[in-house]
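Inside the fold
Here is how the chains run, residue by residue.
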Amino acid sequence: MYILVAILSMIFGVIVTSIIVIKFAPIGTFKIDMTDPNSHAYKLEIDDADHLYKGSVMVLRIDRNAHLPRK
């Protein structure tokens, strides 16, 4: 009986985790250029702008090793 409950709990956990990952998948990249210790440059790249209109939460990948052009 305990084994059945454990297996069902694992299946439920996999399903819930999959739904959360799909719902909150990254839609862009936040790039940070930290080559200059006095100031940092930032850049936001959105892959699909339609996702911005559909929800109120935005998940981004963070790239801390980006080399962005300076003015």
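You'll find the structure just up there.
Description of the structure in this document. (Residues numbered from 1 in each chain as written. Predicted model: local features only at pLDDT ≥ 70, side-chain atom pairs only at ≥ 80, totals over all residues. Heavy atoms only, no water.)

Further remarks concern the packing of aromatic side chains. Following the criterion strictly, the structure yields one aromatic pair and no others. Ring geometry for Phe30 against Tyr42: centres 5.7 Å apart, planes inclined by 15 degrees, an arrangement best described as stacked. Placement of the pair is Phe30 in strand S1 (residues 28-33) and Tyr42 in strand S2 (residues 41-46), with a sequence separation of twelve residues. When its relative accessible area of 27% is taken as the criterion, Phe30 is described as partly exposed. (Phe/Tyr/Trp six-rings, centres within 6.5 Å; stacked < 30°, edge-to-face > 60°. Helix = DSSP H or I, 4+ residues; strand = E, 2+ residues; numbered from the N terminus. Buried < 20%, exposed > 50% of the residue type's maximum accessible area, 1.4 Å probe, protein only.)

A separate point is the layout of surface pockets. Here the largest pocket defines a volume of roughly 240 Å³. Lining of the largest pocket is provided by Ile22, Lys23, Phe24, Ala25, Ile27, His51, Lys54, Gly55, Ser56, Val57, Met58 and Val59. Listed by contribution, the elements that provide at least two residues to the lining of the largest pocket are helix H1 (2-23) and helix H2 (50-54). Partitioning the lining of the largest pocket into residue classes produces seven nonpolar, three polar and two charged. (1 Å grid on protein atoms, 1.4 Å probe; cavity = no way out; pocket = protein on both sides within 12 Å on 5 of 7 lines; lining within 4 Å. Points joined across faces, edges and corners; volume = space filled by probe spheres on them. Nonpolar A, V, L, I, M, F, W, Y, C, P; charged D, E, K, R; others polar.)

Ordered in space as S2-S1-S3, the three strands form an open sheet in which the pairing is mixed. Every interior strand has two partners, whereas the edge strands, S2 and strand S3 (60-63), have only one. Between one strand axis and the next, the sheet turns by 15 degrees as a mean value, whatever way the strands run. Examined bridge by bridge, S1 and S2 share six bridges and lie antiparallel to one another. Note on S2: the bridge partner recorded for Phe30 is Leu44. (Pairing = 2+ DSSP bridges. Axes fitted to C-alpha atoms, helices over the stretch in contact; angles between N-to-C directions.)

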